[in-house]
There are 2 protein chains.
Amino acid sequence: MDKDFVNIYNLIQELSWYFGAHGINGECCGDLSLVEYMALKKINDSENITVQEIGHALNFTKSGASKIIDRLENKGYVTREISSLDGRVCCVNTTAKGAETALEIVHRYSAYVSEMLRTQNTAMVKNIKTVLEILVDSVHRQENLLHGKLPQGGGGMSIFSIDN
Amino acid sequence: MDKDFVNIYNLIQELSWYFGAHGINGECCGDLSLVEYMALKKINDSENITVQEIGHALNFTKSGASKIIDRLENKGYVTREISSLDGRVCCVNTTAKGAETALEIVHRYSAYVSEMLRTQNTAMVKNIKTVLEILVDSVHRQENLLHGKLPQGGGGMSIFSIDN
DNA sequence: GGGCCTTAGTTTCCGGTGTCAACTATTATG
DNA sequence: CATAATAGTTGACACCGGAAACTAAGGCCC
């Protein structure tokens with residue numbers, strides 16, 4: 001095991017902790033939890049996304065996804081409507097308020113990141129971006145490799161399910 | 001707002017999601033949740049750490065920290081003993097089993113990261129490490145700037161508490 | 001077009017988890 | 001020695017997500 005990868009792993013873990021549910025935030029923005037925010041962002045970036053797709057994207061069961069959307073709907077950030085093509089399917093979309101809130105949160109966090117990296121020069125900022133793109137791409141590729149067909153919402157994926 | 005920082009923020013958020021509680025794992029390793037694992041790692045990296053220090057490090061209240069340690073203790077990963085210097089203070093330490101488990105988890109995740117980055121050359125791996133170090137350092141510095149004295153365990157820190 | 005299977009989503013029940021506030025126990029202060 | 005402060009624990013509570021049962025709609029086959 002190369003020492004570099006141990007370091008990289010530990011650093012990612014630490015960074016993730018700070019940007020995760022218990023890190024800088026806890027509530028993510030006012031009345032949104034991190035999970036709700038991630039769902040909102042996903043819905044905002046899509047058009048007519050279904051409940052299961054949201055669950056799949058965020059590693060929740062359809063039951064969990066349904067409840068997250070309940071909360072977002074109650075808060076007035078998203079709407080549910082039955083698909084005209086298939087009466088079983090729910091099309092979820094953001095309301096104007098939801099889209100605005102998602103944007104505002106992105107701006108706030110981006111400002112935080114900008115402040116955080118204020119001492120870095122332009123070249124390094126570009127480099128940071130590139131490295132993060134590589135990491136995110138790599139994770140996606142790895143995810144896809146591991147991805148068997150999974151029953152409900154694609155949850156339960158674990159590193160440890162490989163060789164346990 | 002520089003577009004780069006928006007990108008960087010979104011990438012960090014996405015990466016964090018994969019390494020967070022709902023990402024690759026959910027259970028972190030067998031019988032450990034991510035929170036428990038983070039606590040175990042913290043305890044393993046320290047000597048005679050107190051309950052409050054753990055809570056502070058992980059952004060939990062002392063009550064929450066106490067219960068996390070309960071769980072770890074019940075699973076046989078850590079021990080609590082009263083400090084010889086101050087009868088109110090608990091010294092928490094890992095058992096041999098706890099230390100071994102922490103190490104094993106690090107190895108597994110590191111192997112995952114190694115696999116994930118297998119197509120990157122050595123220079124890029126070094127670069128990734130450097131960038132992550134900068135990011136983690138920057139977050140720490142920023143955290144310290146924001147850190148006022150907080151009542152219980154330092155919880156509740158929020159980006160949005162600054163100007164809301 | 002009626003019966004059966006499949007699929008999307010919801011709901012109910014339940015266990016896990018973290019916070020708050022109250023409490024115990026110990027130490028510091030004067 | 002009395003009072004205050006501090007470390008940690010506990011109990012009540014609310015929240016959250018999963019499993020499974022359920023509802024409703026579509027697909028299919030004869």
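Residues numbered from 1 in each chain as written. Chains lettered and ligands numbered in written order. Predicted model: local features only at pLDDT ≥ 70, side-chain atom pairs only at ≥ 80, totals over all residues. Heavy atoms only, no water.

Before going further, it helps to spend a moment on helix α3 (residues 51-58) of chain B. Burial in α3(B) covers these residues: V51(B), I54(B), G55(B) and L58(B). Buried positions in α3(B), seen along its axis, are confined to an arc of 100° and lie on one side of it. Against α1 (3-19) of chain A together with α2 (34-45), α4 (62-74) and β4 (90-94) of chain B lie the buried residues of α3(B). (Buried < 20%, exposed > 50% of the residue type's maximum accessible area, 1.4 Å probe, protein only. Helix = DSSP H or I, 4+ residues; strand = E, 2+ residues; numbered from the N terminus. Arc of directions from axis to C-beta. Contact = heavy atoms within 4.5 Å.)

Here the focus is the protein's contact with DNA strand D. With respect to spatial proximity, 24 residues lie near DNA strand D, and among them K67(A), R71(A), Q52(B), S66(B) and R80(B) are the closest. At 3.0 Å from a phosphate oxygen of DNA strand D is found a side-chain nitrogen or oxygen belonging to T61(A). Take R80(B): an N or O atom from its side chain is 2.6 Å from a phosphate oxygen of DNA strand D. Of all elements in the fold, only α2 (34-45) and α4 (62-74) of chain A together with α3 and α4 of chain B reach the threshold of two or more residues within the surface near DNA strand D. Take the surface near DNA strand D: its biggest share by element is five residues, from α4(A). In terms of residue class, the surface near DNA strand D is made up of six nonpolar, nine polar and nine charged. (Near = heavy atom within 4 Å. Polar contact = N/O pair within 3.5 Å; in protein donor to acceptor, adjacent residues only side chain to side chain. Nonpolar A, V, L, I, M, F, W, Y, C, P; charged D, E, K, R; others polar.)

Residue and element names in this part refer to chain A. The residue N48 is not glycine, and still its phi comes out positive at about 55°. Among the secondary structure elements, N48 is positioned in the loop between α2 and α3 (51-58). At N59, a residue that is not glycine, the phi angle is positive and equals roughly 65°. Secondary-structure assignment places N59 in the loop between α3 and α4. Classification of N59 as buried rests on a relative accessible area of 15%.

If you rotate chain A by 180° and push it 0.0 Å along the axis, it lands on chain B with an RMSD of 0.1 Å. Expressed as an axis order, the relation between the two copies is that of a two-fold axis. For chain A, the residue whose C-alpha comes nearest the rotation axis is S16(A), separated from it by 2.0 Å. Comparing contact sets, 100% of the residues at the interface of chain A also lie at the interface in chain B, consistent with an isologous, same-surface contact. (Least-squares fit on C-alpha atoms with pLDDT ≥ 70 in both.)

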